[in-house]
Every structure is written in structure tokens, then in C-alpha cells.
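# Structural overview for review
Each chain is listed here by its residues.
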Amino acid sequence: MKIHMRLFTSSIMILVLTTAGVNSSFSAEKSSEFKAALAQMQTMKDDFTGTTYYKDKSSGKWKNGVRKNDFFIYVGAKKGQSPLPVLFVQHYGGDYLFIKKVLFNVDGETFQLTPNSDEVWSETGQVNAFETFDRTMTTTEISLVKWIINSKKTIIRIQGTRLYKDITVTSTQKKALARMLTLYKGLGGK
């Protein structure tokens, strides 16, 4: 996976969530839950900026990226600063979608994130399409992820100009999302 340094902004077209029914047990102050989550992380250090990036081991490898459809969170942490959680969605294979929006169907309720141009990236000239959408998470995206973790079924639709690709969130991904939120809180996130 390539990390692209850029300013992230959040523009959400349609996403209204309440915390009713959402498990809010993600407060961890260097607890055993935090230590267990930290043990499940892979890290990548950016020596130039002093930032350490954390990603759950189940989310694939950092170097050369895993080429598959995927959905996960990674967190960037730098001494003296609040940690930065990032929502990451990836399309790989077949035709290019040219991502326009990402829809989440969480137990029958649909929510939409519309990326800014600096939040999507395509690797062109390959046999298979490789496109990503990554966005710095706000409290809205964090609430969405908590809802996904507690859902019975979540399907993500990566919608392009004409085509789309659906991803069903697995129980392994939900566990990884929960660990990432625990890590984020334990590193000082709100």
C-alpha cells in the first residue's frame, strides 16, 4: 500500500447517524484491551515526519499493498499531536470505476460518502484496476464504523461513473475495525 501525504478534508453528502444502539465501549486508557489491540498491529514509520502508522495485521501488508477489494482503518500517530484515523476503501480488479461515491448499507439503512478529488487515487496502466478512497475520519465516520461493527450485515458499494463494486464487510473486518478504534482511543483519540 502506498501512503500519499496530502491534506484531508471531509465532505459528507448524506450521513445522518445517531448513537442509539451503537456500542460505545471503545474508551481505552492504555488498558489491557488497548495492549491487546496494539499487539495485533503492523506499523510503518515515516522517519521524515516522525509519524508512525498503525494498521491491523488482518488488513494486509504495507509494502506493495495487497491487491484486493478492501475496507479498513489505519491510524497515524505523532508525538505531541492527536492521532489521525483514516477510513480506507479499495477497489481492485476488472474495469476502472473512477470512484464518485461510497455507499454503506448497514442493516438496511443506506449512507453515502462523497470523496473530494484529493481523497481518491487510481493507479493507471495496469492490467487490473487499482483505485482507493481514503478520508480522515471525523466523529461522523467514527459513528458509522461503530454502527458497522455492531451490524448484522453491511455491504459497501464503491460507485463509479458507470460501474460499481460491492464489498460485504466480514466478521474479521469488524473485529479489526474494533481493534483500530480501541487503538485510536488508547493513543489519545476522541
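This text goes with the structure placed above it.
Below, the structure is looked at part by part. (Residues numbered from 1 in each chain as written. Predicted model: local features only at pLDDT ≥ 70, side-chain atom pairs only at ≥ 80, totals over all residues. Heavy atoms only, no water.)

## Details of the overall build of the protein
- In terms of helices and strands, the protein carries three helices and ten strands.
- Mapped in sequence order, the helices and strands of the protein form the string α-β-β-β-β-β-β-β-β-α-β-β-α.
- Expressed as a percentage of the 190 residues in the protein, the buried residues total 46%.
- A separation threshold of at least 6 residues defines the contact pool for the protein, and within that pool the share at least 24 residues apart is 65%.
- In the structure as shown, the protein presents an accessible area of about 9900 Å², 52% of it carried by carbon and sulfur atoms. (Helix = DSSP H or I, 4+ residues; strand = E, 2+ residues; numbered from the N terminus. Buried < 20%, exposed > 50% of the residue type's maximum accessible area, 1.4 Å probe, protein only. Contact = heavy atoms within 4.5 Å. Areas by Shrake-Rupley, 256 points an atom, 1.4 Å probe, with all protein chains shown as cover.)

## Quick look at the pattern of salt bridges
- Applying the stated criterion across every chain, the model contains four salt bridges.
- One salt bridge connects Asp166 with Arg157, and the closest N-O pair in it is separated by 2.7 Å.
- For Asp166, a relative accessible area of 33% puts it in the partly exposed group.
- Through salt bridges with shared partners, one network takes in Glu119, Arg135 and Glu141. (Salt bridge = Lys/Arg side-chain N within 4 Å of Asp/Glu carboxyl O.)

## Quick word on the packing of aromatic side chains
- Evaluation of the coordinates by the stated rule reveals eight aromatic pairs.
- A centroid spacing of 6.2 Å and a plane angle of 70° characterise the contact between Tyr92 and Phe130, whose relative ring orientation is edge-to-face. A residue pair is termed long-range when its members are at least 10 positions apart, and Tyr92 in strand E4 (residues 84-92) and Phe130 in strand E8 (residues 130-136) qualify at 38 residues.
- Since its relative accessible area comes to 25%, Tyr92 is described here as partly exposed.
- Ring geometry for Phe111 and Trp147: centres 5.5 Å apart, planes at 55°, overall tilted. (Phe/Tyr/Trp six-rings, centres within 6.5 Å; stacked < 30°, edge-to-face > 60°.)

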